[in-house]
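Examining the three-dimensional arrangement
For reference, the chains in residue letters:
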Amino acid sequence: MNDLHIGFIALAVLAVVAVIIYNKWQDFRQSKKAQTMLHRKNNDEFDAANNNENNEDISKVEPNLGFADNEEYSGSQANNLRSKLEKQQNQNQNQNQNQNQNQNQNNNQSQNQHSENISNNSINEHIFVSQNVKFPNENYVDPRFEWSAILEFAEPIEMSEIFNNATDFLPKIGKPMTWLGYDKNSNRWEFLSPKLPERSLQNLIISLQLCNRDGAASEHDIHAFEALVNHLAEVLMSVVKFTEIDPISTAKEIDDFCSDVDIEISINLATKKQENGEKKYFSGSQIFDLAKEKGLEFDAQEGCFIKSNKQGNLLYKLMNNTFDKDSESEAFNIHNMNSLKTSSISFVLYVPCCPNGGESYNDLLINASHFAKVLDADLVDDNNHKLGAEELQRIMNDYIVKPQLIMYKKDFPPGSNATLRLFS
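Residues numbered from 1 in each chain as written. Predicted model: local features only at pLDDT ≥ 70, side-chain atom pairs only at ≥ 80, totals over all residues. Heavy atoms only, no water.

Each helix and strand in the chain was counted, giving 12 helices and 17 strands. Out of the 424 residues in the chain, the part that is buried amounts to 42%. Accessible surface, the chain as shown: approximately 24,100 Å² in total, 48% of it carbon and sulfur. (Helix = DSSP H or I, 4+ residues; strand = E, 2+ residues; numbered from the N terminus. Buried < 20%, exposed > 50% of the residue type's maximum accessible area, 1.4 Å probe, protein only. Areas by Shrake-Rupley, 256 points an atom, 1.4 Å probe, with all protein chains shown as cover.)

Quick look at the structure:
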């Protein structure tokens with residue numbers, strides 16, 4: 001074998017090696033391309049969101065209430081807060097109907113600017129349901145304590161069809177839920193309920209509240225909610241996406257926080273002991289007159305008197321009380337106050353839901369002291385022990401100021417919309 005033969009053999013070997021290397025490189029290239037395409041497919045909604053953040057024509061919307069009280073579908077957290085918002089919205093709509101077309105246009109521009117300002121300050125600002133539909137703000141869905149599913153149907157679906165397919169799953173879920181549908185005509189989110197007029201929807205948000213005053217959502221609640229969502233997605237041909245939180249750990253974390261600040265302050269007024277041993281009573285008419293004098297309003301639903309601030313936020317309550325652990329106190333009834341007799345009443349302040357807890361507590365003490373003076377009563381704790389100035393100040397420091405500071409640090413201000421929903 002001469003040098004020429006050896007050269008040809010070497011060239012052949014090099015050619016074979018080059019072909020092998022080229023094939024390996026092509027396989028690697030195609031594999032990377034496939035992975036990239038798969039990644040883009042799975043994250044197309046996030047890409048759309050990033051593109052839209054740079055688009056100045058994005059419509060920022062504010063939810064519009066179409067809510068009817070229904071515990072089964074809406075959840076107890078909606079009852080007070082959302083009914084107030086609904087009343088406010090209805091008042092605004094009535095005012096707008098009395099204005100001409102030009103004024104309506106100006107008002108719409110003003111409302112859009114207001115919605116944009118709210119959206120800019122919202123913790124949900126960068127969440128998109130679809131390319132041009134913004135996630136509602138945290139007054140309606142709050143990912144800090146709610147796990148949400150976003151559904152987009154291939155074709156518009158009747159609202160009744162959604163609820164009919166959900167009926168079998170609802171009894172298995174022990175926590176409040178919120179249903180929101182997007183109305184393309186009004187460019188707004190609306191609360192849904194089977195009591196509302198029929199409508200067609202293409203975008204739906206279902207939210208499970210992971211914690212309330214009864215405790216954290218269980219794994220059973222969470223799995224039942226997930227099964228409900230997946231069932232609706234399958235039956236109604238919907239794309240579904242869950243908000244990116246761990247619902248089990250979030251439920252535990254928020255429940256631990258709530259447990260630390262879930263405090264109810266009770267300052268009781270008890271009749272003084274008579275020298276002859278006879279039991280003394282407060283009359284219902286005295287209590288009613290004093291409550292009216294101090295600006296407390298009667299709440300027939302709860303059977304108590306309430307003190308609210310100018311914004312309508314509940315500060316504290318005045319309730320009937322008993323130190324007999326074997327019997328319950330009779331709730332106040334506006335129709336029998338003249339005949340009512342009781343040996344104890346209580347001023348009650350719920351710390352998480354009371355804005356400006358220190359000021360409210362001071363106002364409570366002023367009124368309680370006035371009641372005690374007029375009724376010839378003692379301020380006592382739940383064990384019927386007298387409360388002096390030192391004990392009353394300690395209650396302020398340890399059970400109002402400290403827990404409310406924790407709430408501010410956690411970004412759940414006392415009495416805020418989020419807090420009222422969380423502690424419902």
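Within the largest apolar cluster, 35 residues are counted, with the highest numbers of intra-cluster contacts made by Ile267, Leu318 and Tyr361. Those elements that place two or more of their residues in this core are β10 (264-271), α9 (284-293), β14 (314-320), β16 (344-350), α10 (357-375), β17 (377-380) and α11 (389-409). Per-element accounting of this core gives the leading share, 7 residues, to α10. Residues in contact with tyrosine 361, not counting those within four places in the same chain, are Ile265, Ile267, Leu349, Leu392, Ile395, Met396 and Ile400. With 32 residues, the next largest nonpolar core counts Ala149, Ala166, Ile206 and Phe242 among its residues. (Core = buried A, V, L, I, M, F, W, Y, C linked by side-chain atoms within 4.5 Å. Contact = heavy atoms within 4.5 Å.)

For the rest of this paragraph, the subject is the packing of aromatic side chains. Within this structure, the stated rule accounts for 13 aromatic pairs. Ring-pair connections join several aromatic residues into one group, and the members of that group are Phe288, Phe298, Phe305 and Phe332. Just above the ring of phenylalanine 412 sits the side chain of arginine 144; from NZ or CZ to the centre is 4.1 Å. Lying across the ring of phenylalanine 169, lysine 172 places its NZ or CZ 5.4 Å from the centre. (Phe/Tyr/Trp six-rings, centres within 6.5 Å; stacked < 30°, edge-to-face > 60°. Lys NZ or Arg CZ within 6 Å of the ring centre and 35° of its normal.)

With respect to the element layout, serine 238 can be found in strand β9 (residues 238-242). Of note is the side chain of serine 238, whose polar atom sits 3.2 Å from the backbone nitrogen of glutamate 152. If we skip the residues at most four places from it in the chain, serine 238 touches Leu151, Glu152, Phe153 and Ala233. (Polar contact = N/O pair within 3.5 Å; in protein donor to acceptor, adjacent residues only side chain to side chain.)

The subject of this paragraph is the side chain of lysine 317. With respect to the helices and strands, lysine 317 occurs in strand β14. Assessed through its relative accessible area of 18%, lysine 317 is described here as buried. With near-sequence residues (within four places) excluded, lysine 317 lies in contact with Glu302, Cys304, Phe305, Ile306, Ser346, Phe347 and Val348.

Turning next to unusual backbone geometry. For residues that are not glycine, phi is negative in most cases, and the peptide bond is trans in most cases. The backbone phi angle of aspartate 376 is positive, close to 55°, even though this residue is not glycine. Position of aspartate 376 relative to the elements: it lies in the loop between α10 and β17. A positive phi angle, close to 65°, is found at aspartate 411, a residue other than glycine. Classification of aspartate 411 as partly exposed rests on a relative accessible area of 47%.

Time to look at the sheet that holds strand β6 (residues 200-209). Pairing within the open sheet is antiparallel, and its 5 strands lie in the order β5-β4-β6-β3-β9. At either margin of the open sheet sits one strand with a lone partner, and together these are β5 (188-191) and β9. In this sheet, neighbouring strand axes are inclined to one another by 25° on average, regardless of whether the strands run parallel or antiparallel. Examined bridge by bridge, strand β4 (residues 177-183) and β5 share 4 bridges and lie antiparallel to one another. Its bridge partner lying in β5, aspartate 183 is registered against arginine 188. Across the face of the sheet, helix α6 (residues 159-166) comes into contact with β3 (146-158), β4 and β6 while running at roughly 130° to β3. (Pairing = 2+ DSSP bridges. Axes fitted to C-alpha atoms, helices over the stretch in contact; angles between N-to-C directions.)

It is worth spelling out the environment of glutamine 404 at this point. Along the chain, glutamine 404 turns up in helix α11. When the C-alpha atoms of glutamine 404 and proline 355 are compared, they prove to be 9.1 Å apart, with 49 residues separating the residues in sequence. Contact partners of glutamine 404, with chain neighbours within four places excluded, come to Val351, Cys354, Asn356, Gly357 and Pro414. A distance of 3.1 Å separates a polar side-chain atom of glutamine 404 from the backbone nitrogen of glycine 357.

Glancing now at the pattern of salt bridges. Once the charged atoms of two side chains with opposite charge are near each other, the side chains can pair. Under the counting rule described, the total for this entry stands at 14 salt bridges. With a closest N to O distance of 3.5 Å, aspartate 262 and arginine 213 form a salt bridge. Of the two residues, aspartate 262 sits in the loop between α8 (247-261) and β10 while arginine 213 sits in the loop between β7 (211-212) and β8 (215-216), which places them 49 residues apart along the sequence. The partly exposed category is assigned to arginine 213, whose relative accessible area is 41%. A salt bridge links aspartate 378 to lysine 386, with the nearest nitrogen and oxygen atoms 4.0 Å apart. What makes aspartate 378 buried here is its relative accessible area of 17%. The exposed category is assigned to lysine 386, whose relative accessible area is 62%. (Salt bridge = Lys/Arg side-chain N within 4 Å of Asp/Glu carboxyl O.)

Turning next to the packing of α10 against α11. Interaxial distance between α10 and α11 falls to 10 Å at its minimum, and their mutual angle equals 150°. With respect to each other, α10 and α11 are oriented roughly antiparallel. In the packing of α10 onto α11, the handedness of the crossing is right-handed. Residue-level contacts link Gly357, Gly358, Tyr361, Asn362 and Leu365 of α10 to Leu392, Ile395, Met396, Ile400 and Gln404 of α11. Taken together, the residues of the contact of α10 with α11 sort by class into 6 nonpolar, 4 polar and no charged. (Parallel < 35°, antiparallel > 145°, perpendicular 65-115°, else oblique. Left-handed = near helix turned anticlockwise from the far one by under 90°. Nonpolar A, V, L, I, M, F, W, Y, C, P; charged D, E, K, R; others polar.)

Next up on the list: the pairing of β16. With respect to burial, β16 is a largely interior element, 7 of its 7 residues being buried. Burial of β16 is two-sided: the residues Ser344, Ser346, Val348 and Tyr350 facing one way and the residues Ile345, Phe347 and Leu349 facing the other way are all buried. The pairing of β10 with β16 spans 7 bridges and is classified as antiparallel. Its bridge partner being in β16, glutamate 264 is matched across the sheet by tyrosine 350. Relative to β16, β14 is paired through 4 bridges, and the arrangement is antiparallel. Residue asparagine 320 lies in a different strand from β16, and its bridge partner there is isoleucine 345.

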